[in-house]
Amino acid sequence: MSIRIAILTVSSLICSAAVAGPVANEAFAQAALLGMQLSVKKAAQEGGASHETYACVQRLTPEVFVAAVDAVMSAALTQQQRDDADRFFSSDVGRKYLKHGLLQTYNAVGQKPPEALPSFSDVEYSALSSFASTSTGQLLITRQVMQSPAARQVYGRRISELVAECKQ
């Protein structure tokens, strides 16, 4: 697996981990980093990345993606929508949705998650559906604005920068 595939893989994860606001930005940055780390690990196993690059990427922290996440969110959502999303993703159901998205990262790169995906009760699913029906939820969940070509470019640039730094 090449580093370019890592960029595409992380970009494809944006839908399931789409979040906004301070708490949510950090959660999405964690998902983006995990996707990158798993992809580079696979690339290293297949000879597409050096052991040094792999080790460097494993030492990164989610903070390396926070600015990129914030830039994408700022371009896609109003401040009110970001606040609404942050409130939802700070709730029990929102945190469960974030965990679900994070664990799906493993599946996206062909690896088994460390634990089963959380399931949603009828009440939780109703709360998730209610959020998805709002203007903010429609943008993040239905329209998947975090998978736009512009968003993919932002994440791809950040991943390329980080890989380049790790190769030095």
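Treat the numbers as computed from the prediction; the structure is a model and nothing was measured. (Residues numbered from 1 in each chain as written. Predicted model: local features only at pLDDT ≥ 70, side-chain atom pairs only at ≥ 80, totals over all residues. Heavy atoms only, no water.)

**Q** Would you take a moment to explain the overall build of the protein chain for this structure?
**A** Counting its regular elements, the protein chain contains nine helices and zero strands. Listed N to C, the secondary structure of the protein chain is α-α-α-α-α-α-α-α-α in terms of helices and strands. Here the protein chain holds 168 residues, and the buried ones make up 49% of them. When contacts within the protein chain are restricted to residue pairs at least 6 apart in sequence, long-range pairs at least 24 apart make up 70% of them. As displayed, the protein chain offers around 8,200 Å² of accessible surface, 53% of which is attributable to carbon and sulfur atoms. (Helix = DSSP H or I, 4+ residues; strand = E, 2+ residues; numbered from the N terminus. Buried < 20%, exposed > 50% of the residue type's maximum accessible area, 1.4 Å probe, protein only. Contact = heavy atoms within 4.5 Å. Areas by Shrake-Rupley, 256 points an atom, 1.4 Å probe, with all protein chains shown as cover.)

**Q** In this structure, what is going on with helix α7 (residues 122-132)? I would like to understand it.
**A** Count 3.6 residues to each turn of an α-helix, and residues three or four apart come out pointing the same way. Among all positions in α7, only Leu 128, Phe 131 and Ala 132 are buried. The buried residues of α7 occupy an angular sector of 105 degrees when the element is viewed end-on, so they sit on one face. Exposed residues on α7 whose side chains face more than 90 degrees from its buried face are Asp 122 and Val 123. Residues of α7 that are buried in the fold lie against α5 (79-89), α6 (92-108) and α8 (135-142). (Arc of directions from axis to C-beta.)

**Q** Looking at this structure, I do not really get the state of the cysteines. What am I missing?
**A** In protein chemistry, a disulfide is the covalent bond that joins the sulfur atoms of two cysteines. Evaluation of the coordinates by the stated rule reveals one disulfide. Paired by a disulfide, Cys 56 and Cys 166 hold their sulfur atoms 2.1 Å apart. Here Cys 56 and Cys 166 share a disulfide; its torsion about the S-S bond, -70 degrees, makes the bridge left-handed. One end of the pair, Cys 56, is in helix α3 (residues 51-59); the other, Cys 166, is in helix α9 (residues 149-167), and 110 residues separate them in sequence. Like Cys 166, Cys 56 is buried. (Disulfide = S-S within 2.5 Å.)

**Q** So what exactly am I meant to see when it comes to α8 here?
**A** Of the positions making up α8, those classed as buried are Thr 136, Gly 137, Leu 139 and Leu 140. End-on view of α8: buried residues confined to an arc of 160 degrees, all on one side of the axis. Buried residues in α8 make contact with α4 (63-76), α5 and α7.

**Q** Honestly, the confidence of the model for the protein chain in this entry has me stumped. Any pointers?
**A** Caution applies to low-pLDDT parts of the model: their predicted coordinates are not meant to be read in detail. Taken residue by residue, the protein chain gives an average pLDDT of 85. The fraction at 70 or more is 88%. Per-element confidence in the protein chain is highest for α7, whose mean pLDDT is 97, and lowest for helix α1 (residues 3-12), whose mean pLDDT is 44. Across residues 1-21 the pLDDT falls below 50, and counting only partners more than four positions away or on other chains, this stretch makes 65 contacts in the model. (pLDDT = per-residue confidence, 0-100.)

**Q** For this particular structure, what's the right way to read the packing of aromatic side chains?
**A** How two aromatic rings sit relative to each other is given by the distance of their centres and the angle of their planes. Under the definition given, this model contains four aromatic pairs. Look at Phe 88 and Phe 131: their rings are 4.2 Å apart centre to centre, the planes differ by 0 degrees, and that puts the pair in the stacked class. Residue Phe 88 is located in helix α5, and its partner Phe 131 is located in helix α7; the two are separated by 43 residues in the primary sequence. Across the pair, exposure class does not vary: Phe 88 and Phe 131 are buried alike. By the ring-pair criterion, three or more aromatic residues cluster together here, those being Phe 88, Phe 89, Tyr 97 and Phe 131. Above the face of the Phe 120 ring, Lys 96 is positioned so that its terminal group lies 5.4 Å from the ring centre. (Phe/Tyr/Trp six-rings, centres within 6.5 Å; stacked < 30°, edge-to-face > 60°. Lys NZ or Arg CZ within 6 Å of the ring centre and 35° of its normal.)

**Q** What's the story with the packing of α4 against α9 in this structure? I'm lost.
**A** How two helices sit against one another is set out by the angle between their axes and by the gap between those axes. For the pair α4 and α9, interaxial distance at closest approach is 9 Å and the crossing angle is 165 degrees. Comparing the axis directions of α4 and α9 gives the class roughly antiparallel. As α4 packs across α9, the resulting crossing turns out to be right-handed. For the pair formed by α4 and α9, the contact residues are Val 64, Phe 65, Ala 68, Val 69 and Val 72 on the first element and Ala 151, Val 154, Tyr 155, Arg 158, Ile 159 and Leu 162 on the second. Class assignment for the residues of the contact of α4 with α9 results in 10 nonpolar, no polar and one charged. (Axes fitted to C-alpha atoms, helices over the stretch in contact; angles between N-to-C directions. Parallel < 35°, antiparallel > 145°, perpendicular 65-115°, else oblique. Left-handed = near helix turned anticlockwise from the far one by under 90°. Nonpolar A, V, L, I, M, F, W, Y, C, P; charged D, E, K, R; others polar.)

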